[in-house]
Amino acid sequence: MASVDECRQALRDLAARLDRNAETVREKVDFDRTLACRITDLETAFHGRLSGGRLVDLADGDDPKAKIALSTGSDDLLALVRGELDITRAVTSRRVSIKANPLDLMKLRKLL
């Protein structure tokens, strides 16, 4: 099981990667949504906002009103961010749960 600090760093790494790709993605994905990432085995959460192809305002704590909610275990979060776990397979095998409207899901997939 990964630690809270490792999960926080993984989300920061994801934010940095999205930031590097934002210029090319922004034209494809016009997207501004709140995001909650719930780490089920650590009983903790993080929240932020996806805007212009970037993950911004990343902070500790849950956002129960987030438009996109991702729930997963700590090890699976790290594997997703590292590219070791395919998001589609993770969702279909129920290792990851994403709650969002269908259009947001399609846009989110383009970002990742």
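For clarity, every value in this text was computed on a predicted model and none was experimentally measured.

Looking at the overall build of the chain
Next, step 1: For the chain, the helix and strand inventory stands at four helices and five strands.
Next, step 2: Reading the chain from its N end, one meets helices and strands in the order α-β-β-β-β-α-α-β-α.
Next, step 3: A compact globule built from 112 residues would reach a C-alpha radius of gyration of about 13 Å, and the chain, at 13 Å, matches this within 12%.
Next, step 4: Taken along the three principal axes of its C-alpha coordinates, the chain extends 35 × 30 × 30 Å.
Next, step 5: Across the 112 residues that make up the chain, the buried fraction comes to 39%.
Next, step 6: Once local pairs closer than 6 in sequence are excluded, the contacts in the chain between residues at least 24 apart make up 65%.

As for the confidence of the model for the chain
The predicted coordinates of low-pLDDT regions are not to be read in fine detail.
Next, step 1: For the chain, the average pLDDT comes to 91, and 95% of its residues sit at 70 or higher.
Next, step 2: Here helix α4 (residues 102-111) stands out as the least confident element of the chain, with mean pLDDT 81; strand β4 (residues 68-72) is the most confident, with 97.

Some details on the pairing of strand β1 (residues 32-39)
Next, step 1: Pairing geometry for β1 and strand β2 (residues 44-51), over eight bridges, is antiparallel. Across the sheet, residue leucine 35 finds its bridge partner in β2, namely glycine 48.
Next, step 2: Linking two consecutive strands that pair antiparallel, namely β1 and β2, is a turn of four residues; a positive phi of about 50 degrees is found at glutamate 43 within it.

Points about the state of the cysteines
Next, step 1: On inspection of all chains with the given rule, the structure shows zero disulfides.
Next, step 2: We note that cysteine 7 lacks a disulfide partner, and the nearest cysteine sulfur, in cysteine 37, lies 7.5 Å from it.
Next, step 3: Residue classification places cysteine 7 among the buried residues on the basis of a relative accessible area of 0%.

Comments concerning unusual backbone geometry
Leaving glycine out, the prevailing phi sign among residues is negative, and the prevailing peptide bond configuration is trans.
Next, step 1: Backbone geometry at aspartate 57 places phi at a positive 55 degrees, although glycine is not the residue there.
Next, step 2: Along the chain, the position of aspartate 57 falls in strand β3 (residues 54-60).
Next, step 3: When its relative accessible area of 52% is taken as the criterion, aspartate 57 is described as exposed.
Next, step 4: A positive phi angle is found at arginine 94, which is not glycine, with a value near 65 degrees.
Next, step 5: According to the relative accessible area criterion, arginine 94 is exposed, its value standing at 77%.

Quick notes on the pairing of β3
Sheet faces and side chains relate simply in a regular strand, where the side chains alternate between the two faces.
Next, step 1: Bridge count for β2 against β3 is five bridges, and the pairing is antiparallel. When the sheet's bridge partners are listed, histidine 47 is paired in β3 with alanine 59.
Next, step 2: Counting the residues between successive antiparallel strands, the hairpin from β2 to β3 contains two residues, one of them, glycine 52, with a positive phi of roughly 60 degrees.

Calculation criteria
Residues numbered from 1 in each chain as written. Predicted model: local features only at pLDDT ≥ 70, side-chain atom pairs only at ≥ 80, totals over all residues. Heavy atoms only, no water. Helix = DSSP H or I, 4+ residues; strand = E, 2+ residues; numbered from the N terminus. Rg over C-alpha atoms; globule rule 2.2 N^0.38 Å. Buried < 20%, exposed > 50% of the residue type's maximum accessible area, 1.4 Å probe, protein only. Contact = heavy atoms within 4.5 Å. pLDDT = per-residue confidence, 0-100. Pairing = 2+ DSSP bridges. Disulfide = S-S within 2.5 Å.

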